[in-house]
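Single-letter residue listing:
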Amino acid sequence: MSEHKDTHVELPLVPLPGSNRQSAEALARAAMPQVEGVEIEATVVLRRRPGANRFDPSVRLSREDFAARMGADARDVQVVTSTLVGLGLRVLSTDLPSRRVRIAGSAAVVSRVFGTQLEVVTSRATDGAEVQHRNRSGMLMVPAALDGIIIAVLGLDDRPQARTEFRIAEARAVAVSYTPLDLAEIYRFPPQFDGTGETIAIIELGGGFAQAELDTYFAGLGITGPKVTAVGVDGARNVPGGDASGADGEVLLDIEVAGALSPGAHIVVYFAPNTDAGFVDAVSEATHAAVTPTVISISWGQNEDSWTAQARHALDQAFLDAASLGITVTAAAGDNGSSDGVSDGRDHADFPASSPHVLACGGTSLRAVSGTVTSETVWNNGAGAGATGGGVSDVFTVPSWQKTAGVPASSRGMIGRGVPDVAAVADPTTGYEVLVDGERKIYGGTSAVAPLWAALVARLAQATGGPFGLLHPRLYGIASSAPKQSGSEPTGFRDITVGNNGSFTAGPGWDACTGLGVPDGEALLAALKLSDVTRFR
């Protein structure tokens, strides 16, 4: 469809709830700050069809049933497309199951239709790098005819939305390190299963990988690596940048950990721009792919307050889609302790780990010899040196399956969703041996824990004959119902009771440092089989 001129009659505009955004702190503005002629693409997210049933985590929907019950209504899509086209925008694509309409137009038309002003600025990203991006502030607007139909407009402001959650150890600081195969032994991954028949989707917001480097890494471990496929989203693609300390480090860490621990699985890596639209679109593309993944692994995040409410909601709803289709989502809980790197004196949970539809993965410091653990404590290397994220959400209420876990109040006094749910080693001084851009280094961070748990979920799904979807009710149910005496039936976890991440201290049972604990894979498999709740396929 061709873009219309600005001569069309404008419809009245109304505010879009949850779209308020703080302006980025500009280090500089572009020499020519106006962007009127620049072509902009954005993602419009629609409401679910009227009468959409409440999500029941015990029921897995087929793709067809999901689209019919929880996708967008075709009439809503028609109204949105005709209205936006009539106002001068082009519709690039529509997808009813994920409720997304991808649009494009000049910055002048986009700004007019959504009632905002855009400028190009240079600001500082959370990793300290200077980035140039489009910037907006305040509320967005939508045509009054679309009030209540559109729930989010993403990508107009394209500042970096998330950060990687990994750290590279200095050689002199490394106490001990492990290959993923070492960790499979330590965490007792069921050895007779390797993820065959399962698909692991990995979300990446930059960087890339070279197949030859993956082949070298897996050959060095003495194994045949998994099939790895790259998928581009919103114009992004697999582009290795040659920077082991940048996004390449995240990409290769994720693939190497997941691939070594579940080499029989098919790994699909979704590359998207590091924007709120890119994040939502990547998760949606993975969720609604032709082959539904067993698990989605995410090692990118940012504190909850750094997201607009509409972007948080849209991404959380994408995770709800995933759970409804039988997909488990794992996400890193953060590497900056209970503050999540924010200097306002309060505690912050990291999102998307704080979504109640995501298995949040915290971190430990691990010392083991020949597969035997000598100590495992909460990862906390002190101020500025990294510590596991963990805490209490200020935006998501405590889920039903966590109500008896003893979640404390947040620093704002809310009893919300507690983070993390589970854990594994993340301390870079006791970290993972990986190969990134030709360099063999030791990596840590909760970035490594998300793919580790994703690989375990793939193995467990293979072993039980079906995916799990929202795994939390099963895990918390197993942990709470297990007898406490020595020699009792396995709980599936080894509790971590020593250490803190700042404001929160580990103790018996769930805590806001390492959740339910680190996995005992074989015991967890036995407990899941006993629970008789894994028959999703």
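Sequence order as written defines the numbering, with residues in each chain counted from 1. Predicted model: local features are reported for residues with pLDDT of at least 70 only, side-chain atom pairs are reported and counted for 80 or more only, and whole-chain, interface and lining totals are derived from all residues. Side-chain measures were taken over the full set of non-hydrogen atoms in the model, leaving aside hydrogen atoms and water.

The way it works is that DSSP assigns letters per residue, a run of H or I at least four long becomes a helix, a run of E at least two long becomes a strand, and they are numbered from the N terminus. Looking only at helices and strands, the chain has 11 helices and 27 strands in total. Using C-alpha atoms as the atom set, the radius of gyration is obtained and then compared with a globule rule of 2.2 Å times the number of residues to the power 0.38. Against the compact-globule benchmark of 24 Å for 537 residues, the chain has a radius of gyration of 23 Å, which places it among compact chains. Each principal axis of the C-alpha atoms in the chain carries an extent, and together these give about 75 × 50 × 50 Å. Only protein chains enter the accessibility calculation, which uses a 1.4 Å probe. A residue is then buried if its area is under 20% of the maximum for its type, exposed if over 50%, and partly exposed in between. A total of 537 residues make up the chain; the buried ones form 58% of that total. Two residues qualify as a contact provided that any one of their heavy atoms is within 4.5 Å of a heavy atom in the partner residue. Restricting the contact set of the chain to residue pairs at least 6 apart, pairs at least 24 apart contribute 80%. Charge assignment in this entry is limited to Lys and Arg as positive and Asp and Glu as negative, and neither His nor the chain termini are counted. By convention, the charge on Lys lies at NZ, on Arg at CZ, on Asp at CG and on Glu at CD. Taken together, the 41 basic and 59 acidic charged side chains of the chain have centroids lying 5 Å from each other.

This part takes up the confidence of the model for the chain. What pLDDT reports is the predictor's confidence in each residue, on a scale of 0 through 100. Of the residues in the chain, 94% reach a pLDDT of 70 or more, and the chain-wide mean stands at 92. Counting interchain partners and residues more than four positions distant, the pLDDT-below-50 stretch residues 533-537 has 26 contacts.

Note on definitions: salt bridges are taken to be side-chain nitrogens of Lys or Arg within 4 Å of carboxyl oxygens of Asp or Glu. Summed over all chains, the structure comprises 27 salt bridges. Ionic pairing is found between Asp76 and Arg47, a salt bridge with its closest N-O pair at 2.9 Å. Taken as a pair, Asp76 in helix α2 (residues 74-86) and Arg47 in the loop between β3 (39-46) and α1 (63-70) lie far apart in primary sequence, 29 residues in all. Looking at Asp76, the relative accessible area reads 7%, which means it is buried. Of the residues examined, Arg47 reaches a relative accessible area of 31% and is grouped as partly exposed. Residues participating in the shared-partner salt-bridge network are Glu41, Arg100, Arg102, Asp234, Asp281 and Glu285.

What follows deals with helix α8 (residues 309-324). Take the number of residues in a helix, subtract one, and multiply by 1.5 Å to get its expected span. Taking 1.5 Å per residue, 16 residues should reach 22 Å; α8 reaches 22 Å between its end C-alpha atoms and fits that length. In terms of residue burial, α8 counts as a mostly covered element, since 14 of its 16 residues are buried.

Okay, the environment of Lys403 next. The residue Lys403 is located in the loop between β21 (391-397) and β22 (416-419) in this model. Linking Lys403 and Gly416, residues 13 residues apart in sequence, is a C-alpha distance of 9.4 Å.

The aromatic pairing rule takes the rings of Phe, Tyr and Trp, using the six-membered ring of Trp, and pairs them if the centres are within 6.5 Å, calling planes under 30 degrees apart stacked, those over 60 edge-to-face and the rest tilted. Per the counting criterion, the structure on display carries 8 aromatic pairs. Plain terms: the ring middles of Tyr217 and Phe218 are 5.6 Å apart, the flat faces sit at 70 degrees to each other, and that makes the pair edge-to-face. We classify Tyr217 as buried; its relative accessible area is 2%. Phe218 gets classed as buried once you look at its relative accessible area, which sits at 3%. A centroid spacing of 6.2 Å and a plane angle of 25 degrees characterise the contact between Trp453 and Phe493, whose relative ring orientation is stacked.

So, on to helix α11 (residues 521-531). Considered for burial, the residues of α11 that qualify are Gly521, Ala523, Leu524, Leu525, Ala527 and Leu528. Where the residues of α11 are buried, they touch α9 (449-464), α10 (472-481), β26 (493-494) and β27 (518-519).

In short, DSSP must find at least two bridges between two strands for them to pair. Taking strand neighbours across the sheet as the criterion, the 3 strands line up as β10-β16-β18 in an open arrangement whose pairing is antiparallel. With one partner strand each, in any of the chains shown, β10 (163-164) and β18 (350-351) form the two edges of the open sheet. Two elements, strand β16 (residues 300-303) and β18, share 2 bridges in a ladder whose sense is antiparallel. Counterpart to Gln302 in the pairing with β18 is Phe351.

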